Amino acid sequence: MKPSSTAVLLIEFQNDFTTPGGSLHDAVKTVMKSTDMLANAEELARQARNAGALIVHVPISFTENYRELHPRPYGILKGVVESNSFRKGSWGADIVDVLKPQPEDIIIEGKRGLDGFVSTNLDFVLRQRGITHLALAGFLTNCCVESTMRTAYEYGYQVYTLTDCTATVSEEEQRLACEKNFPMFSRPVTHRQFLEQLSALEQPETIDEGRSYY
């Protein structure tokens, strides 16, 4: 794995999820604490950046009245609207301070749904930069992270999902996603296991793809 062809995708590390007072923080704080995902993600971003990997922020945002969405949304997006989450220009939509984008990072704009690829130019940006390997971190483990993971897999990227840099609304859902779903479409690893691979440059990959690292 070459750092120059590797990107770390930081999905929705925004105050509405990450920070006390955020509209959805109470829903994810238990799993955040159990995985220590925010501290792990900060270490991941810092060390991967220093190694020469590309850091890509993939936030979600909507206009004040959510006019981008169906007038009667359902499912997860209904919950976003009802909680007034991720309104463009609001504190809740801001990327959390500990992962503040650096000048060399890329911020993907236009995410309006679950999959980081669907309504954005993410694939274009990654291919322009010669990216072949992706590491995914963020929220929700079994929603936006998983949706982005599946598309990345279909597009032919070498995908790693970072089990200790993700969080969702329950321990059960976190475990099932990491143990059952992630191995189907990615290599699930901890952030330190990923960083070891990154620092190994072009050494043969040694991660046992059949194991769960949650």
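Residues numbered from 1 in each chain as written. Predicted model: local features only at pLDDT ≥ 70, side-chain atom pairs only at ≥ 80, totals over all residues. Heavy atoms only, no water.

Examining the overall build of the chain
Step number 1: If you tally the helices and strands in the chain, you get 8 helices and 6 strands.
Step number 2: Counting from the amino terminus, helix and strand elements in the chain follow one another as β-α-α-α-β-α-β-α-β-α-β-α-β-α.
Step number 3: In terms of overall size, the chain behaves like a compact globule, its C-alpha atoms giving a radius of gyration of 16 Å where 214 residues would be expected to give roughly 17 Å.
Step number 4: Counting only C-alpha atoms and orienting by the principal axes, one finds that the chain spans roughly 50 × 35 × 30 Å.
Step number 5: Contacts spanning at least 24 positions in sequence make up 77% of the contacts within the chain whose residues lie at least 6 apart.
Step number 6: For the chain, the exposed surface amounts to about 10200 Å²; the carbon and sulfur share of it is 49%.
Step number 7: Taking the average location of the 21 positive side-chain charges in the chain and that of its 28 negative ones, the two points are 3 Å from each other. (Helix = DSSP H or I, 4+ residues; strand = E, 2+ residues; numbered from the N terminus. Rg over C-alpha atoms; globule rule 2.2 N^0.38 Å. Contact = heavy atoms within 4.5 Å. Areas by Shrake-Rupley, 256 points an atom, 1.4 Å probe, with all protein chains shown as cover. Lys, Arg positive; Asp, Glu negative; His and termini not counted. Charge placed at Lys NZ, Arg CZ, Asp CG, Glu CD.)

What about the nonpolar core?
Side chains of nonpolar character tend, in soluble globular proteins, to be buried together.
Step number 1: By size, the foremost hydrophobic cluster in this structure holds 63 residues, and its most contacted members are Leu126, Leu134 and Phe194.
Step number 2: Once you skip the residues sitting within four places of it in the chain, Leu134 turns out to touch Ala7, Leu9, Phe117, Leu126, Ala152, Tyr157, Gln158, Val159 and Tyr160. (Core = buried A, V, L, I, M, F, W, Y, C linked by side-chain atoms within 4.5 Å. Buried < 20%, exposed > 50% of the residue type's maximum accessible area, 1.4 Å probe, protein only.)

Describing the packing of helix H6 (residues 141–154) against helix H7 (residues 171–185)
Step number 1: Relative to each other, H6 and H7 sit at 5°, their axes nearing to 11 Å. In terms of orientation, H6 lies roughly parallel with respect to H7. Of H7, the residues touching H6 (which contributes Thr141, Asn142, Val145, Glu146, Met149, Arg150 and Tyr153) are Glu173, Gln174, Ala177, Cys178, Asn181, Phe182, Met184 and Phe185.
Step number 2: Residue composition of the contact of H6 with H7, by class: 8 nonpolar, 4 polar and 3 charged. (Axes fitted to C-alpha atoms, helices over the stretch in contact; angles between N-to-C directions. Parallel < 35°, antiparallel > 145°, perpendicular 65-115°, else oblique. Nonpolar A, V, L, I, M, F, W, Y, C, P; charged D, E, K, R; others polar.)

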